[in-house]
Amino acid sequence: MKYVKPLRLKVMMMMFFGTGILGIIVGLYVAPPQATLIITFMGVINFALGGFFGWIFLTQTPESNDKRKKKRNDN
């Protein structure tokens, strides 16, 4: 997987967590009964995406700036 800058991952993670929590709250307390299930489900999906981007943020290896360590692909 391509290296993603940590600031971009943090922003995406917070956006997904925020919209997920907001979607769950709106789906459970504010939405009419016909739309409760779908709005809550979309909130859970957003929350899961926030967790996925958080996992990527915590597990990716730092990008090396040392040009000597890069492999060349001169086929």
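Bear in mind that the values here come from a model prediction, so they are computed numbers and not experimental data.

Conventions and cut-offs
- Residues numbered from 1 in each chain as written.
- Predicted model: local features only at pLDDT ≥ 70, side-chain atom pairs only at ≥ 80, totals over all residues.
- Heavy atoms only, no water.
- Helix = DSSP H or I, 4+ residues; strand = E, 2+ residues; numbered from the N terminus.
- Buried < 20%, exposed > 50% of the residue type's maximum accessible area, 1.4 Å probe, protein only.
- Axes fitted to C-alpha atoms, helices over the stretch in contact; angles between N-to-C directions.
- Parallel < 35°, antiparallel > 145°, perpendicular 65-115°, else oblique.
- Left-handed = near helix turned anticlockwise from the far one by under 90°.
- Expected span 1.5 Å × (residues − 1).
- Contact = heavy atoms within 4.5 Å.

All right, on to the environment of Pro-6 then. Here Pro-6 shows up in helix α1 (residues 6-30). For Pro-6, a relative accessible area of 33% corresponds to the partly exposed category. Separated by 51 residues in the primary sequence, Pro-6 and Phe-57 have C-alpha atoms spaced 6.4 Å apart.

Let's shift gears to the packing of α1 against helix α2 (residues 36-59). Across the interface, α1 lies against α2 with an axial gap of 7 Å and an inter-helix angle of 160 degrees. Here α1 is positioned roughly antiparallel relative to α2, judged by the angle of their axes. Classified by chirality, the crossing of α2 by α1 is left-handed.

With 25 residues, α1 ought to run about 36 Å at 1.5 Å a step, and its terminal C-alpha atoms sit 35 Å apart, in line with that. Turning to α1, its buried residues number three or more, namely Leu-9, Met-13, Gly-20, Gly-23 and Gly-27. On its buried face, α1 is in contact with α2.

With 24 residues, α2 extends 35 Å between its outermost C-alpha atoms, agreeing within 8% with the 34 Å of an ideal straight helix rising 1.5 Å per residue. The inward-facing, buried residues of α2 contact α1.

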